[in-house]
Amino acid sequence: MARRTTIPFGPQHPVLPEPIQLKLTLDNETVVEAIPHIGYVHRGVEKAGERMDFGQNVFLVERICGICSFIHALCYCQGIEKLMDVEVPPRARYLRVIWSELHRMQSHHLWLGLLADAFGYESLFMQFWRNRERLMDIFERTAGSRVIISTCAIGGVRRDISPENLQYILDELVVIQKTLDDAVDVVLNDRTIRARTVGKGVLTAKQALELGAVGPVLRGSGVAVDARTEGFAAYGELGIEPVTEEAGDSYARTKVRARECYQSLDLVRRAIERLPDGDIAVRPRGRPDGRTVSRVEQPRGELFYFMGADGSARLDRLRIRTPTFANVPPLVAMLPGCEMADVPVITLSIDPCISCTER
Amino acid sequence: MMLSRVLSNLFSRPATRPFPKTSREPVEGYRGAVEFSQEECVFCGACALRCPANAIEVDRPAKTLKFDLFKCIHCACCAEACKRGCVQLRSAYHPPVYQKPEFEFSGAPVLAAEASPATE
């Protein structure tokens, strides 16, 4: 029997933007077992959410994740709106879709850049991040901040987008799409990238469902599940078809994210085209009472909030399940059987967001 | 694609800006430096009540307002809460500093230039 070795992968590793440790048991160069360890960036957000005013929590939950901050706020606000029976005005729902999809696009740009960086494709990494910079500029101009945009509020949104800025977004999207075309073409067709992603880290549809995978990991295995099809915000009126790929390997997950960038481009354009006039927010009256759940689709997958309120200004329970939390068990199932050299790319292929996971 | 990219990178200007030689025009509506106009303030405490980060402390009987810039998250809730428009977020950035002084003012008006932490 070959000698088995245990190697710690992380918590600090060039491919990991955030700390997670995988204890890998190797049989020569082949991974036999992977045991994840988390707990390096726990911040106690759930507990903090029980100590703050329910309106102030919007700013707290946004800080769980810097990459999809708006979508966290959206999920929280939708839950509270359900508890308080608040009807959000149509214009606010469309604006929420615009900001959500811009967030999805910038998150996928960031990830595609990191993937290129993991292969040592520095220039490609720069192309994606330069394109992402245009999206950040859109946030700055429309929302007043680049990362944590703080535009979602209970009952609607806090800012309107002026017609000039809507035109500015449309003009920028043309440039973004052109650069994206070139860069995605390299990611999907380059020989080296294909050699290191095709057939690596395979997750079958059955495994993905059994292990509770979400988002591009699940859709990359051919399961068409996307929380946006439930029709929250204005997704119901805009209509959305989940992007799926059949293979279930790292390449399929990459392709799902690349195609979702185009889907988001399309959704933003259609949302701007159909943007109705009217109010952007209603003032919520009273305090939340009862228990509810809220689900939205983040760039990494389905985000789930449970909130319990007792009619006071503070929630008595806030439970947050983030997509990476759900995608860690599928990652552990993907790794056995792969080569040690493929572990970084397979780990990256679930788009791990550890600060989200640990909250 | 690669050759065109190499050529365009060779002959085009860098995508980045040579900061601080050329700085960027501030964007209208950016939530930047927080400014209090103390002449207008009636110390009602609405800003402190709404602040999610507890960065503002108002003592109504003593007529004092304290603002801790390190705690501030630039959400503009204070500006929304203030009925008299005493709090505003300018589109300029807070300049980088080693220490952010706690901004404090009381009922007796003092010169804004002396106390304001937000400088151009």
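None of the values given here were measured: they were computed from a predicted structure. (Residues numbered from 1 in each chain as written. Chains lettered and ligands numbered in written order. Predicted model: local features only at pLDDT ≥ 70, side-chain atom pairs only at ≥ 80, totals over all residues. Heavy atoms only, no water.)

Visitor: Just to check I follow, could you spell out the overall build of chain A for this structure?
Guide: The secondary structure content of chain A amounts to 14 helices and 8 strands. The C-alpha radius of gyration of chain A comes to 20 Å, within 12% of the 21 Å expected for a compact globule of 359 residues. If you line up chain A on its principal axes, its C-alpha atoms span 70 × 45 × 30 Å. Residue burial in chain A is summarised as follows: out of 359 residues, 59% are buried. (Helix = DSSP H or I, 4+ residues; strand = E, 2+ residues; numbered from the N terminus. Rg over C-alpha atoms; globule rule 2.2 N^0.38 Å. Buried < 20%, exposed > 50% of the residue type's maximum accessible area, 1.4 Å probe, protein only.)

Visitor: Please explain the overall build of chain B as it appears in this structure.
Guide: Along the backbone of chain B there are 4 helices and 5 strands. Listed N to C, the secondary structure of chain B is α-β-α-β-β-α-β-β-α in terms of helices and strands. Looking at chain B as a whole, 32% of its 120 residues are labelled buried. Counting only carbon and sulfur atoms, one obtains 56% of the accessible surface of chain B, whose full area is about 8,300 Å². (Areas by Shrake-Rupley, 256 points an atom, 1.4 Å probe, with all protein chains shown as cover.)

Visitor: Just checking my understanding: could you explain unusual backbone geometry for this structure?
Guide: Residue and element names in this part refer to chain B. Of the consecutive residues Phe19 and Pro20, the connecting peptide bond is found in the cis state with omega at 5 degrees. In this fold, Pro20 is placed in the loop between α1 (2–11) and β1 (34–36). Even without glycine at this site, His74 takes up a positive phi of about 55 degrees.

Visitor: Got a minute to help me understand the interface of chain B and chain A in this structure?
Guide: Taken residue by residue, the interface counts 20 residues in chain B and 20 residues in chain A. Of the roughly 1,600 Å² buried between chain B and chain A on both sides combined, carbon and sulfur atoms contribute 44%. Along the contact surface separating chain B from chain A lie 3 salt bridges. At the boundary of chain B with chain A, the tally comes to 12 residue pairs in polar contact (both at pLDDT 80 or more). Elements with a contribution of two residues or more to the side of chain B that touches chain A: α1, α2 (46–50) and α3 (77–81) of chain B. (Contact = heavy atoms within 4.5 Å. Buried area = accessible area lost by both parts, 1.4 Å probe. Salt bridge = Lys/Arg side-chain N within 4 Å of Asp/Glu carboxyl O. Polar contact = N/O pair within 3.5 Å; in protein donor to acceptor, adjacent residues only side chain to side chain.)

Visitor: Any chance you could explain the pairing of strand β8 (residues 315–321) of chain A here in plain terms?
Guide: Every regular strand shows the same layout, with side chains that alternate between the two sheet faces. Residues and elements named next belong to chain A. With 6 bridges connecting them, strand β7 (residues 301–310) and β8 associate as antiparallel partners. Each bridged residue has a counterpart across the sheet, and for Phe304 the counterpart in β8 is Arg321. Remark: 4 residues form the turn of the hairpin made by β7 and β8, two consecutive strands paired antiparallel; Gly311 in that turn has positive phi of roughly 85 degrees. (Pairing = 2+ DSSP bridges.)

Visitor: I tried to follow the confidence of the model for chain B on my own but got confused; where do I start?
Guide: Of the residues in chain B, 83% reach a pLDDT of 70 or more, and the chain-wide mean stands at 78. Low pLDDT, under 50, characterises residues 109–120 of chain B; the stretch is placed with 20 contacts to residues that sit more than four places away or in other chains. (pLDDT = per-residue confidence, 0-100.)

Visitor: Help me understand the sheet that holds strand β3 (residues 30–37) of chain A, please; the structure alone is not making it clear to me.
Guide: Sheet strands line up and pair through hydrogen bonds in the backbone, either parallel or antiparallel. Residue and element names in this part refer to chain A. Ordered in space as β1-β2-β3, the 3 strands form an open sheet in which the pairing is antiparallel. Single-partner strands in this sheet number two, and they are β1 (4–9) and β3. Adjacent strand axes in the sheet meet at a mean angle of 20 degrees when their direction is disregarded. Examined bridge by bridge, β1 and strand β2 (residues 21–27) share 6 bridges and lie antiparallel to one another. Bridge pairing in β2 links Phe9 to Leu22. (Axes fitted to C-alpha atoms, helices over the stretch in contact; angles between N-to-C directions.)

Visitor: Hey, could you run me through the sheet that holds β8 of chain A in this one?
Guide: Residue and element names in this part refer to chain A. The strand order across the open sheet formed by 3 strands is β6-β7-β8, and the pairing between neighbours is antiparallel. Sheet topology places β6 (289–298) and β8 at the edges, where each strand pairs with a single neighbour. Neighbour-to-neighbour, the strand axes of the sheet open up by a mean angle of 10 degrees, direction not taken into account. Sheet contacts for helix α3 (residues 69–84): β6, β7 and β8; angle to β6, the most-contacted strand, approximately 150 degrees.

Visitor: Whenever I open this one, helix α4 (residues 90–118) of chain A confuses me. Can you help?
Guide: Working note: α-helix, 3.6 residues per turn, so residues spaced by three or four point in the same direction. Residues and elements named next belong to chain A. Here α4 spans 42 Å end to end across 29 residues, near enough to the 42 Å set by a 1.5 Å rise per residue. Here α4 lies mainly inside the structure; 26 of its 29 residues are buried. Among the residues trailing α4, Gly120 stands out with phi positive, at a value near 85 degrees. (Expected span 1.5 Å × (residues − 1).)

Visitor: Can you walk me through the side chain of Glu358 of chain A in this structure?
Guide: Residue and element names in this part refer to chain A. Its place among the elements puts Glu358 in helix α14 (residues 354–358). One buried charged residue, Glu358, remains without a salt bridge, the closest side chain of opposite sign being Arg43 at 7.4 Å. A distance of 2.7 Å separates the side chain of Glu358 from the backbone nitrogen of Gly39, its partner in a polar contact. When sequence neighbours within four positions are dropped, the list of residues in contact with Glu358 reads Pro19, Ile38, Gly39, Tyr40, Val41, His42 and Arg43. (Lys, Arg positive; Asp, Glu negative; His and termini not counted.)

Visitor: What exactly am I supposed to notice about the packing of aromatic side chains here?
Guide: Note on aromatic pairs: each is described by the distance of the centres and the angle between the planes. Residues and elements named next belong to chain A. A complete count under the given rule lists 6 aromatic pairs over all chains for this structure. An angle of 50 degrees between the planes, with centres 5.9 Å apart, marks the rings of Phe70 and Trp99 as tilted. Here Trp99 lies in helix α4 and Phe70 lies in helix α3, a separation of 29 residues in the sequence. Owing to a relative accessible area of 0%, Phe70 belongs among the buried residues under this scheme. When its relative accessible area of 0% is taken as the criterion, Trp99 is described as buried. The ring of Trp129 has Arg132 lying over it, and the distance from NZ or CZ to the ring centre is 5.2 Å. Between Arg141 and the ring centre of Tyr168, over which it is positioned, the NZ or CZ distance is 4.0 Å. (Phe/Tyr/Trp six-rings, centres within 6.5 Å; stacked < 30°, edge-to-face > 60°. Lys NZ or Arg CZ within 6 Å of the ring centre and 35° of its normal.)

Visitor: Can you help me understand empty space enclosed by the protein in this one?
Guide: Over the atoms rolls a probe the size of a water molecule, and in doing so it shows where empty space is left. Residues and elements named next belong to chain B. This model, assessed by the stated rule, comprises 1 cavity of 30 Å³ or more. Approximately 90 Å³ is the volume found for the largest cavity. Lining the largest cavity are 14 residues, with Cys51, Cys72, His74, Cys75 and Cys78 sitting closest to its centre. Its residues assigned to classes, the lining of the largest cavity comprises 13 nonpolar, 1 polar and no charged. (1 Å grid on protein atoms, 1.4 Å probe; cavity = no way out; pocket = protein on both sides within 12 Å on 5 of 7 lines; lining within 4 Å. Points joined across faces, edges and corners; volume = space filled by probe spheres on them. Nonpolar A, V, L, I, M, F, W, Y, C, P; charged D, E, K, R; others polar.)

Visitor: Looking at this model, I keep getting lost on the environment of Ile20 of chain A. Mind explaining?
Guide: Residue and element names in this part refer to chain A. Take Ile20: it is sitting in the loop between β1 and β2. Taking the C-alpha atoms as reference points, Ile20 and Ile38, separated by 18 residues in sequence, lie 5.4 Å from one another. With near-sequence residues (within four places) excluded, Ile20 lies in contact with Phe9, Gly10, Pro11, His37, Ile38 and Ile354.

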